[in-house]
Amino acid sequence: MSPRPVSSSSPTHSNTPSTPQDADSEASVSHSRTLTCENKSALHFTIDQWAAVECTASIARWANRALILFLFLFALTVPHSIAAAQTSLNLGILAWLARDLTARRLHFARTIIDWPLACFAALTILSSIFSVEPSISLPKLKTLGLFSLVYLLATNVSVRGVRLLLAALLISSLVGVSFSLAEKLRGRGMAIAEIAPNSPLSNSGLRVGDVIWMIARKGVSTPEEAGQVIRHQRVGNILDVEALHAGDPVPVTITVTEEMQAQENPLGIQTNGRSRQFRVSGFSRQFLTYAEQMQILALLAFGALLAGLRRWRQHLSARRWVFVSSLLFVLYALALVLTATRAVMVSLAVALFLVALCVGGVRASAIALVATLALIGLGIFTVTTARQEAAISFRDDSTARRVAYMQAGLRVIPAHPLLGVGMDAHKRHWHEWGFPGDYITHTHSTPIQLALDRGIPALFCYGWLLAVLWLGLWQAYQRAKTERGWLTEALLLGAFAALSGFSVSSLANYNFGDSEALMMLLLVLSLALIVAKPQPIPVASPTVA
């Protein structure tokens, strides 16, 4: 089930198999999986050791190094910025093409998801062509390009490169977690104490106690800061005011006027200082996306924790990483809890028990139980303080809307079972097809949304894709327990756990349509597939007389 590299050049081979027993031994064999652009000796340059393809031609070599640099930037930015991450991904693909064109050799690694992904992509293309609204669906096909990340990584990154990208992802995400914790302690935005009758917000639906934290995508914490933002806008501009009611976002807009800009307090409000009644979101503005990302990272750390505990008595390095993994799990899980996102917290708890059950043993189950109890306690406190008390029992307006969206989607699917209505076509027929309310969104369920957009066969292919990944990761993890080092075992189990949590969460969230969360998951899965490949020990080439 492991990925199979395919290249027009010959891979480096060895006649001696290897069974490394710790993470250090894995590093010594990372060169062996490389593909060569030219049959010459490997370059002794650090960045070249992170690449799976060795190049001696000057232009190809620098294109190869640029590719690794762009992947490094991708790992750094994917927790924070979709624009920066997608730009890095696109530049990496261009560097890949430039290197292979220069070297005149194609390098492309096959993976275990080739067939289900190809079928899913073909059905997605057909559903867009025959969409109810092809002008909307066809441009959405670009989202299929996110899966190019799997092949970009599988083809071009060595085991040493896996370590680099994994470290970049974890360190960068910790910066976001630190920011979230600091912001929660300090408070966000400005809590409304009074709204004047002539305020541009008087008919906006905002009320005393609500929080304004951004205007025109600029953070504000005082009426004076809000005034400065408004005065720097052109008259007639419509500004988005990002506000919170009981922790949930409230869409508000205001139109800039000369009279408004002339006032000392253009918003016409009095405030009570910063508020802590909000849901953390890292450096982004979307707490649900951030919750999905934190779940992926928390489960990755949980897998590493269980793998380290299994080797506790065998390797000193595993003992050290048990403490590191435990700390990472606590930080990521805490950040997730502070998003007050109920569905993702529940899916994290379910995934913890699922992974513990698969791994087996009293210790794994005990850790999952303790972590779940802590999640429940902190989750109840966070949801009741950052949102409404009714939210803890799932009897709030947010839950009712989600259920109504899902029910409306299920009513439409039988009329378009084969190819669906086309991606996002439902948004143009929102009220016509019985979706409730004026806020146009999606069904908040990945299986329902995929069947609605692309048809039931596409949903089957998506399930096939998940099953292949689950089985491949689990089989590779079982092999790693006896044949490979701790890092491989930890990453494979962590990726298996992350995929499980993402899949459980998808039942109540359309996380497959969340590019930031999907890209992070694909990064973790791709790194796991790389270390799952056989790693033979390189042997010295015979000296030619």
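Up top is the structure.
Definitions and cut-offs
Residues numbered from 1 in each chain as written. Predicted model: local features only at pLDDT ≥ 70, side-chain atom pairs only at ≥ 80, totals over all residues. Heavy atoms only, no water. Helix = DSSP H or I, 4+ residues; strand = E, 2+ residues; numbered from the N terminus. Buried < 20%, exposed > 50% of the residue type's maximum accessible area, 1.4 Å probe, protein only. Contact = heavy atoms within 4.5 Å. Areas by Shrake-Rupley, 256 points an atom, 1.4 Å probe, with all protein chains shown as cover. Salt bridge = Lys/Arg side-chain N within 4 Å of Asp/Glu carboxyl O. Axes fitted to C-alpha atoms, helices over the stretch in contact; angles between N-to-C directions. Parallel < 35°, antiparallel > 145°, perpendicular 65-115°, else oblique. Left-handed = near helix turned anticlockwise from the far one by under 90°. Nonpolar A, V, L, I, M, F, W, Y, C, P; charged D, E, K, R; others polar. 1 Å grid on protein atoms, 1.4 Å probe; cavity = no way out; pocket = protein on both sides within 12 Å on 5 of 7 lines; lining within 4 Å. Points joined across faces, edges and corners; volume = space filled by probe spheres on them. Phe/Tyr/Trp six-rings, centres within 6.5 Å; stacked < 30°, edge-to-face > 60°. Lys NZ or Arg CZ within 6 Å of the ring centre and 35° of its normal.

Draft legend 1. Looking closely at the overall build of the chain. Looking only at helices and strands, one finds 19 helices and ten strands in the chain. Expressed as a percentage of its 545 residues, the buried residues of the chain come to 54%. The long-range share in the chain, meaning contacts at least 24 apart out of those at least 6 apart in sequence, stands at 75%. For the chain, the exposed area adds up to about 23,700 Å²; of that, 63% sits on carbon and sulfur atoms.

Draft legend 2. Representation of the pattern of salt bridges. Summed over all chains, the structure comprises eight salt bridges. In this structure, D114 and R110 form a salt bridge, with 2.6 Å as the shortest nitrogen-oxygen distance. A residue is classified by how much of its surface remains accessible, and D114, at 13% relative accessible area, is buried. One salt-bridge network, held together by shared partners, links K140, D424 and K427.

Draft legend 3. Here's a closer look at the packing of helix α3 (residues 58-77) against helix α4 (residues 82-103). At a minimum axis distance of 8 Å, the contact between α3 and α4 shows a crossing angle of 165°. What the angle tells us is that α3 and α4 run roughly antiparallel. Of the two possible hands of crossing, α3 and α4 adopt the one that is left-handed. Contact with α3, carried on its side by I59, A60, A63, N64, A66, L67, F70, L73, F74 and T77, involves A84, A85, S88, L89, L91, G92, A95, W96, A98, R99, T102 and A103 of α4 and no other residues of that element. Among the residues forming the contact of α3 with α4, the class breakdown is 16 nonpolar, five polar and one charged.

Draft legend 4. Just the packing of helix α11 (residues 287-310) against helix α13 (residues 342-359), in detail. Relative to each other, α11 and α13 sit at 20°, their axes nearing to 10 Å. The angle between the axes of α11 and α13 places the two elements in the roughly parallel class. In this structure, α11 crosses over α13, and the sense of that crossing is right-handed. Across the interface between the two elements, L288, A291, E292, Q295, A298, L299, F302 and L306 from α11 touch V344, S347, L348, A351, L352, V355 and V359 from α13. For the contact of α11 with α13, the class distribution of residues is twelve nonpolar, two polar and one charged.

Draft legend 5. Quick peek at the environment of L378. The topology assignment puts L378 in helix α14 (residues 362-386). Taking the C-alpha atoms as reference points, L378 and V337, separated by 41 residues in sequence, lie 6.9 Å from one another. Dropping the residues within four chain positions of it, L378 is found in contact with L334 and V337.

Draft legend 6. Structural detail: the side chain of E242. Mapped onto the fold, E242 is located in strand β8 (residues 238-245). In this structure E242 comes out as buried when scored by relative accessible area, which is 19%.

Draft legend 7. Region of interest: empty space enclosed by the protein. All chains considered together, the criterion is met by three cavities of 30 Å³ or more. Taken as a whole, the second largest cavity encloses approximately 100 Å³ of empty space. Lining the second largest cavity are 13 residues, and of these F147, L465, L469, L518 and L522 lie nearest its centre. When residues of the lining of the second largest cavity are traced back to their parent elements, those giving at least two are α17 (456-483), α18 (486-505) and α19 (515-531).

Draft legend 8. How the structure looks around the packing of aromatic side chains. Going through the model one piece at a time under the given rule, you end up with twelve aromatic pairs. With a centroid separation of 4.6 Å and 25° between ring planes, the pair formed by F179 and F283 is classed as stacked. Highlighted residues: F179 in helix α8 (residues 159-186) and F283 in the loop between β10 (269-271) and α11, separated in sequence by 104 residues. Under the relative-accessibility criterion, F179 is labelled partly exposed at 31%. With centroids separated by 5.9 Å and ring planes inclined at 45°, the aromatic side chains of F302 and F329 adopt a geometry described as tilted. Within this pair, whereas F302 is found in helix α11, its partner F329 is found in helix α12 (residues 316-338), the two being separated by 27 residues in sequence. In textbook terms, an aromatic cluster arises when at least three aromatic residues are bridged by ring pairs, as seen for F120, F147, Y462 and F512. Its guanidinium or amino end placed over the ring of W62, R65 lies 4.4 Å from that ring's centre, counting from NZ or CZ. Seen from the ring of W213, R188 lies directly overhead, with NZ or CZ sitting 3.9 Å from the centre.

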